[in-house]
Amino acid sequence: GAGVSQSPSNKVTEKGKDVELRCDPISGHTALYWYRQSLGQGLEFLIYFQGNSAPDKSGLPSDRFSAERTGGSVSTLTIQRTQQEDSAVYLCASSLSNSGNTIYFGEGSWLTVV
Amino acid sequence: GENVEQHPSTLSVQEGDSAVIKCTYSDSASNYFPWYKQELGKGPQLIIDIRSNVGEKKDQRIAVTLNKTAKHFSLHITETQPEDSAVYFCAASKQGAQKLVFGQGTRLTINP
């Protein structure tokens, strides 16, 4: 596609439920990133993919968070047993490679845990 | 690891005046410094970037300067317009690094 596509754009879920957030990167981009942005805050790195592998998972806040990428394209971020502190905008980004190329962001998935 | 500090957190300027946002970074190995603009409800959009082999880069009303010795870089917007109102983020990364480290953002308001 023309840009990074994320779905859903908005999600309200009950505390304790699992959620899946989807990212479709720009075609041909091998690098894919997930960031989290809490209300009024900066962007917090979560995980990075190069192809289907994730060399850097250092930003995942807990073992309730996981992500996968299949076919070197679409990625899914899964949050299990959601907590209220998980409420945030989850931003996906992609770039041609991991070596200093421009990183393009999607519009984000706004998650609210009630 | 890298740490990026951004100031000010909020900035209000009159339309037509200039705006300057400053960032410092901690890792001297960082060599790529992009600036992103984020409008309400949207994802961040790259507006300009600079690499460590240059000291300044301009694109119309926007310019970025880099001081490697002092480890700081700045965004300059001249002749500000209402549509420049947004949150601006600086970031830093190393060649071959897998991620950008972002500053905390500056909310810029242009007053008509």
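Analysis parameters
- Residues numbered from 1 in each chain as written.
- Chains lettered and ligands numbered in written order.
- Predicted model: local features only at pLDDT ≥ 70, side-chain atom pairs only at ≥ 80, totals over all residues.
- Heavy atoms only, no water.
- Pairing = 2+ DSSP bridges.
- Helix = DSSP H or I, 4+ residues; strand = E, 2+ residues; numbered from the N terminus.
- Axes fitted to C-alpha atoms, helices over the stretch in contact; angles between N-to-C directions.
- Core = buried A, V, L, I, M, F, W, Y, C linked by side-chain atoms within 4.5 Å.
- Buried < 20%, exposed > 50% of the residue type's maximum accessible area, 1.4 Å probe, protein only.
- Contact = heavy atoms within 4.5 Å.
- Disulfide = S-S within 2.5 Å.

What follows deals with the sheet that holds strand β1 (residues 4–7) of chain B. Residues and elements named next belong to chain B. The five strands lie next to each other as β1-β3-β8-β7-β6, forming an open sheet whose pairing is antiparallel. Two strands bound the open sheet, and with one partner strand each, they are β1 and β6 (56–59). Along the sheet, successive strands turn relative to each other by an average axial angle of 15°, direction set aside. Strand direction decides the pairing type here: strand β3 (residues 19–25) and strand β8 (residues 72–77), joined by six bridges, are antiparallel. Paired with Lys22 across the two strands is Ser74, which belongs to β8.

Here we come to the nonpolar core. Residues and elements named next belong to chain B. Core analysis: the largest hydrophobic core is formed by 24 residues, its most contacted members being Trp35, Phe73, Leu75, Tyr88 and Leu108. Among the elements of the structure, β2 (10–14), β3, β4 (30–38), β5 (45–51), β7 (62–67), β8, β9 (86–94) and β11 (106–111) are those that each provide at least two residues to this core. Discounting residues that sit within four places of it in the chain, Leu75 has contacts with Ala19, Val20, Ile21, Trp35, Ile47, Ile48, Ile62, Ala63 and Tyr88.

Counting across every chain of the model gives two disulfides over all chains. Bridging A:Cys23 to A:Cys92, the disulfide has an S-S length of 1.9 Å. Handedness of the A:Cys23-A:Cys92 disulfide follows from its S-S torsion of about -70°: it is left-handed. With a gap of 69 residues between them, A:Cys23 in strand β3 (residues 19–24) and A:Cys92 in strand β9 (residues 88–95) connect regions that are remote in the sequence. Overall, A:Cys23 belongs to the buried group, its relative accessible area being 0%. One disulfide in the model links B:Cys23 with B:Cys90; its S-S distance is 1.9 Å. Looking down the S-S bond of the B:Cys23 and B:Cys90 bridge, the torsion is -100°, so its handedness is left-handed. Linking B:Cys23 in strand β3 with B:Cys90 in strand β9, this pair joins segments that are 67 residues apart in sequence. What makes B:Cys23 buried here is its relative accessible area of 1%.

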